[in-house]
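Coordinate analysis (summary)
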Amino acid sequence: MSADRLTLAVQKKGRLFEGSEELLKRAGVKLAYARDALLRRSENMPLDIMFIRDDDIPNFVASGACDYGIVGENVLYELAERSQRVAGLEVALKLGFARCKLKLAAPKDGPIARVEDLAGKTIATSYPGLTRKFLQERGVDAEIIEMGGSVEVAPRMNIADAICDLVSTGATLEANGLVAFETVLESEAVLIRGPKAAVNGAAETAELLIDRFQGVIASRQTKYILLNAPKDRLDEIRAILPGSDAPTVAQIVGREDVVAVHAVCTEAVFWSTLERLKAAGARSILVMPIEKMMA
Ligand SMILES: Nc1ncnc2c1ncn2[C@@H]1O[C@H](COP(=O)(O)OP(=O)(O)OP(=O)(O)O)[C@@H](O)[C@H]1O
Ligand SMILES: O=P(O)(O)OC[C@H]1O[C@H](OP(=O)(O)OP(=O)(O)O)[C@H](O)[C@@H]1O
Ligand SMILES: [Mg+2]
């Protein structure tokens, strides 16, 4: 791989792909068309994207085959349990998508309801390293049964007494009659940096890309709010606006009693926020997404 081009490993398809693709697109990266290619070049940056399975991403980055990678913390820390090189990888940025939790769960109304109840039992998981470490820390001795997927069926099939698997909405657990009782790890997608990335000729590209990623992440829940407010209730209305410290307040032509308020809100703006603003006298409330941000 050319030393002055940056290489980034991304999941080829699956739950990380969509978020990674959206992040790159919003950061202004244009990829040359190449159907089913393992490696795609960017048209407008010295950047190559390598599309591989997510389990391979930490090793590709740790070995220097790629400078950076986008992977779930669950996979990163599981592989770190098995490899010193992966354990030494640096998390450059948390990316805020593919959020899920690694949880211990057992059949509803069964004998296992706490970590201590797992003593002498069997636990099915695709995360043996993280599960073992967690049990050791809690001083519980249980047998781990490694499975590649469909872990939730293990108790029903009498393969294991409990499971340790990823949970997002909880629908899969519920469909299999399982109840979670402990969180082993909270996970989201992260950008990992390899050992050679800093000395690579493309380190400048990496810096620019990380800056842009930060801008995309910051703009995700940041909104631009416009509203008209009665002058005498301005303080009350400002206090409701989530995470906005310096709104612009402007006169409205022909109206002495009302002002226009423009604010950048860095926290989520819910329907309930709008209802509170309306109750405080705000009118013509507009909430708009912010496409790009740079401090
Ligand atoms: N239900 C979920 N909700 C949100 N994020 C999830 C969920 N399940 C998994 N993830 C995250 O997405 C990552 C990729 O999940 P996916 O199911 O696509 O992996 P995979 O089947 O191992 O893919 P691959 O073929 O690349 O090995 C997981 O490692 C985790 O970080
Ligand atoms: O709490 P939920 O929202 O139901 O999500 C949890 C499920 O999602 C993941 O599997 P996925 O659907 O990616 O299938 P896989 O195990 O075949 O990768 C995970 O392994 C769980 O089984
Ligand atoms: Mg995988």
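Per an unreviewed UniProt entry, the protein is named ATP phosphoribosyltransferase, and its organism is Marinicauda algicola. Listed under Sequence similarities (unreviewed entry) in UniProt, the entry text for the protein is "Belongs to the ATP phosphoribosyltransferase family. Long subfamily."

Observations regarding helix α9 (residues 271–279)
By the burial criterion, the buried members of α9 are T273, L274 and L277. Angular distribution of buried residues about the axis of α9 spans 100°; they occupy a single face of the element. For α9, the exposed residues set more than 90 degrees away from the buried face come down to W271, E275, K278 and A279. Structurally, α9 contributes buried residues whose contacts are with β12 (223–230), α8 (234–240) and β15 (283–289). Looking one or two places after α9, you find G281, whose phi comes out positive at around 105°.

So, the packing of aromatic side chains
By convention here, two paired aromatic rings are described through the distance between centres and the angle between planes. With the rule as written, the count across this model stands at one aromatic pair. For the ring pair F17 and F51, a centre distance of 6.3 Å and an interplane angle of 55° mean the geometry is tilted. A residue pair is termed long-range when its members are at least 10 positions apart, and F17 in helix α1 (residues 17–26) and F51 in strand β3 (residues 47–52) qualify at 34 residues. Take F51: its relative accessible area is 8%, and that puts it in the buried class.

Details of the site of ligand 1
Near ligand 1, the surroundings consist of 16 residues, among which Q11, R15, R53, D55 and N74 are the closest. Interatomic distance of 2.7 Å between a backbone N/O atom of R15 and an oxygen atom of ligand 1. Relative to its unbound accessible surface of 630 Å², ligand 1 loses 74% to contact with the protein. Counting the residues that make up the shell around ligand 1, at least three belong to each of domain 1 (6–96 + 189–219) and domain 2 (100–187).

As for the coordination of the magnesium ion (ligand 3)
Protein coordination at the magnesium ion (ligand 3): the donors are D54 (OD) and D55 (OD), at 2.0 to 2.1 Å from the metal. The buried category is assigned to D54, whose relative accessible area is 16%. Residue D55 is classed as partly exposed on the basis of its relative accessible area, which comes to 35%.

Overview of the nonpolar core
Inside soluble globular proteins, nonpolar side chains tend to come together where they are buried. Among the nonpolar cores identified, the biggest contains 26 residues, and L8, L47, Y68, I70, L95, L191 and F213 are the most heavily contacted of them. For this core, the elements supplying multiple residues, two or more each, are β1 (6–11), α1, β3, β4 (68–72), β11 (189–193) and α7 (203–220). Counting residues per element, this core draws most heavily on α7, at five residues. Apart from residues no more than four positions distant in its own chain, L191 is found in contact with L8, Y68, G69, I70, E90, V91, A92, L93, L95, I210 and F213.

What about the confidence of the model for the protein?
For the protein, the mean per-residue pLDDT works out to 94, and 99% of the residues sit at or above 70. In the predicted assembly, ipTM is 0.96 and pTM is 0.90.

Structural notes on the sheet that holds strand β5 (residues 90–94)
Taken in spatial order, the six strands of this open sheet run β2-β3-β1-β4-β11-β5, and their pairing is mixed. The sheet is open, and its two borders are formed by β2 (39–41) and β5, each paired with just one other strand. In this sheet, neighbouring strand axes are inclined to one another by 30° on average, regardless of whether the strands run parallel or antiparallel. In this sheet, β11 lies alongside β4 in antiparallel orientation, the contact comprising five bridges. Among the inter-strand pairings, I70 is bridged to a residue of β11, identified as L191. Contacting β1, β3 and β4, α1 runs over the sheet at an angle of about 145° to β1. Taken strand by strand, α7 contacts β1, β3, β4, β5 and β11, and its axis lies near 40° from that of β5.

Rules and cut-offs
Residues numbered from 1 in each chain as written. Chains lettered and ligands numbered in written order. Predicted model: local features only at pLDDT ≥ 70, side-chain atom pairs only at ≥ 80, totals over all residues. Heavy atoms only, no water. UniProt positions renumbered as here; feature names shortened; annotations may be inferred. Buried < 20%, exposed > 50% of the residue type's maximum accessible area, 1.4 Å probe, protein only. Helix = DSSP H or I, 4+ residues; strand = E, 2+ residues; numbered from the N terminus. Arc of directions from axis to C-beta. Contact = heavy atoms within 4.5 Å. Phe/Tyr/Trp six-rings, centres within 6.5 Å; stacked < 30°, edge-to-face > 60°. Near = heavy atom within 4 Å. Polar contact = N/O pair within 3.5 Å; in protein donor to acceptor, adjacent residues only side chain to side chain. Areas by Shrake-Rupley, 256 points an atom, 1.4 Å probe, with all protein chains shown as cover. Domains from an automatic or database assignment. Donors = N, O, S within 2.8 Å, 3.2 Å for Na, K, Ca; no water. Core = buried A, V, L, I, M, F, W, Y, C linked by side-chain atoms within 4.5 Å. pLDDT = per-residue confidence, 0-100. Pairing = 2+ DSSP bridges. Axes fitted to C-alpha atoms, helices over the stretch in contact; angles between N-to-C directions.

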